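Inside the fold
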Amino acid sequence: MNQCLKISPAVKRALDEGRPVVALESTIISHGMPYPQNLETARLCEAEVRKFGAEPATVAVIQGKLCAGLTGEELEYLAKAGTKVTKASRRDLPVLLARGMDGATTVAATMIVAAMAGIRVFATGGIGGVHRGAETTMDISADLEELAQTPVAVVCAGAKSILDLGLTLEYLETKGVPVLGYKTDMLPAFYTDESDFRVDYRMNTPQEIAAAIVAQREMGYPGGMLIANPIPHEYAMPRDVIDKAIAQALQEADAQGVRGKATTPFLLARVCELTGGESLKSNIQLVLNNVALGAQIAVEMCAAQEHANG
Ligand code: PSU
Ligand code: MN
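About the criteria used
Residues numbered from 1 in each chain as written. Chains lettered and ligands numbered in written order. Predicted model: local features only at pLDDT ≥ 70, side-chain atom pairs only at ≥ 80, totals over all residues. Heavy atoms only, no water. Near = heavy atom within 4 Å. Polar contact = N/O pair within 3.5 Å; in protein donor to acceptor, adjacent residues only side chain to side chain. Areas by Shrake-Rupley, 256 points an atom, 1.4 Å probe, with all protein chains shown as cover. Helix = DSSP H or I, 4+ residues; strand = E, 2+ residues; numbered from the N terminus. Nonpolar A, V, L, I, M, F, W, Y, C, P; charged D, E, K, R; others polar. Core = buried A, V, L, I, M, F, W, Y, C linked by side-chain atoms within 4.5 Å. Buried < 20%, exposed > 50% of the residue type's maximum accessible area, 1.4 Å probe, protein only. Contact = heavy atoms within 4.5 Å. Phe/Tyr/Trp six-rings, centres within 6.5 Å; stacked < 30°, edge-to-face > 60°. Lys NZ or Arg CZ within 6 Å of the ring centre and 35° of its normal. Expected span 1.5 Å × (residues − 1). Pairing = 2+ DSSP bridges. Axes fitted to C-alpha atoms, helices over the stretch in contact; angles between N-to-C directions. Parallel < 35°, antiparallel > 145°, perpendicular 65-115°, else oblique. Left-handed = near helix turned anticlockwise from the far one by under 90°.

1. Digging into the site of ligand 1
- Neighbouring residues of ligand 1: 16 residues in total, closest E25, K87, S141, D143 and K160.
- Backbone polar atom of V107 to an oxygen atom of ligand 1: 2.8 Å apart, as the coordinates give it.
- D143 places a side-chain nitrogen or oxygen 2.7 Å from an oxygen atom of ligand 1.
- Protein chains bury 93% of the 470 Å² of accessible surface belonging to ligand 1 in isolation.
- Elements that contribute at least two residues to the shell around ligand 1 include exactly α2 (27-30) and α12 (263-274).
- Along the lines of polarity and charge, the residues of the shell around ligand 1 split into four nonpolar, eight polar and four charged.

Right, here's the structure in full:
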């Protein structure tokens, strides 16, 4: 096995036995939510995956190893360390490995580790994308390039309107990334289940999604897939409330000269503060909802595999 990669015994056993596995990211723990809700959510996510008979593989860099599947202590450490841990995207991995450092993996980095481990489904909250004003800042998340080249299907609740959703979809189209909506024709906007943009295809069952992932893999060409799963309506936030908070957070980021990899965490934290914690509640619920869908897709992929094997 790849020397940089460390797969936990439980994840390894599941993979060896052909059982369903779902990857989970860790930037959402360290940089996406405050302690202690981040730790509670990370634990709930793992439990949610197990409810469906799948194995969770939370991904992070620990002491210079790419880890798929964390111990309880490692999860707690990442949650408590928060932003003190390096936010690790694709470009950060080589140096963290060489220095034996820790890192909380973004969507891009989690996809890389999942693919190395042979995990094809990954569930999270929101992905990075094309930022508003990208025509001057060129701030486009590495998550989009990863979706274009790494064979992992990512379940998310769409993208936050801290991003330019229209340009994010254009970028994904250019890169040939299928964007599937689960029981929706529209791209959900994370906190809200409504938006102005359409997905490529509406999917009505986890089985249909699994079939598309299997077909993509059979073709053997690079790239993943984005599955947009709207936040359950009862947890959605009023669009005007969230839009107002996002507008203010964007203005503050600009005024304070926040740049580069600090931008997304800054905006996430400010939106959370400005909505008095309401957005955090929604965030937790939508992540759990995505994890449940991811687990069902992974289960269906295994069923399809067994069928193919006779
Ligand atoms: N969007 C969210 N929550 C998150 C993130 C994005 O709603 O936690 C995190 C994810 O880890 C994502 C990363 O991969 O931020 C994107 O950061 P950047 O824009 O710097 O690529
Ligand atoms: Mn960026």
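After presenting the structure, the write-up continues.
2. Looking at the nonpolar core
- Formed by 106 residues in total, the largest nonpolar core has its most connected members in I119, L147, L226, I227 and I297.
- When near neighbours in sequence (up to four residues on either side) are disregarded, I227 contacts A153, V154, V155, C156, L180, I209, I213, L293 and I297.

3. Brief notes about the packing of aromatic side chains
- Taken as a whole and judged by the stated rule, the model has one aromatic pair.
- For the ring pair F190 and Y191, a centre distance of 4.8 Å and an interplane angle of 85 degrees mean the geometry is edge-to-face.
- Classification of F190 by relative accessible area gives buried; the value is 1%.
- Judged by its relative accessible area of 2%, Y191 is buried.
- Over the face of the ring belonging to F190 we find K160, whose NZ or CZ atom lies 3.5 Å from the ring centre.

4. Details of the side chain of Q216
- Within the fold, Q216 resides in helix α10 (residues 206-219).
- Exposure remark for Q216: the relative accessible area of 9% places this residue in the buried category.
- Sequence-distant contacts of Q216, defined by excluding residues within four places in its chain, comprise P178, Y221, G223, G224 and M225.

5. A few points about α12
- The end-to-end C-alpha separation of α12 is 16 Å, in line with the 16 Å expected for twelve residues at 1.5 Å each.
- If you check which residues of α12 are buried, you get T263, P265, F266, L267, L268, R270, V271 and C272.
- G276 occupies a position one or two residues after α12 and carries a positive phi of about 60 degrees.

6. Some details on the pairing of strand β4 (residues 65-68)
- Note: strand β1 (residues 5-7) against β4, three bridges, orientation parallel. Bridge assignment links K6 to a residue of β4, and that residue is C67.
- Strand direction decides the pairing type here: strand β3 (residues 55-62) and β4, joined by four bridges, are antiparallel. The partner of I62 across the bridge, within β4, is K65.

7. Side note on unusual backbone geometry
- Backbone torsion omega between Y35 and P36 reads 5 degrees, so that peptide bond is classified as cis.
- Take P36: it is sitting in the loop between α2 and α3 (37-51).
- You will see that K183, though not glycine, has its phi angle at about 55 degrees, which is positive.
- In this fold, K183 is placed in the loop between β9 (179-182) and β10 (201-203).

8. Describing the packing of α3 against helix α13 (residues 278-309)
- For the pair α3 and α13, the least separation of the axes is 9 Å and the interaxial angle reads 20 degrees. In this view, α3 runs roughly parallel relative to α13, as classed from their interaxial angle. With respect to the hand of their crossing, α3 and α13 are arranged in right-handed fashion. Every residue of α13 that contacts α3 at Q37, T41, L44, C45, E48 and V49 is listed here: L280, I284, V287, L288, V291, A292 and A295.
- Grouping the amino acids of the contact of α3 with α13 by side-chain chemistry returns ten nonpolar, two polar and one charged.

9. Structural notes on the side chain of N290
- Mapped onto the elements of the fold, N290 is located in helix α13.
- The exposure class of N290 is buried, given its relative accessible area of 0%.
- When near neighbours in sequence (up to four residues on either side) are disregarded, N290 contacts A123, T124, G125, V155, C156, A157 and N229.

10. Here's the deal with the environment of A292
- As for its placement among the helices and strands, A292 is situated in helix α13.
- On a C-alpha basis, the gap between A292 and A123 in space is 8.5 Å, while along the polypeptide they are 169 residues apart.
- Discounting residues that sit within four places of it in the chain, A292 has contacts with E48 and F52.

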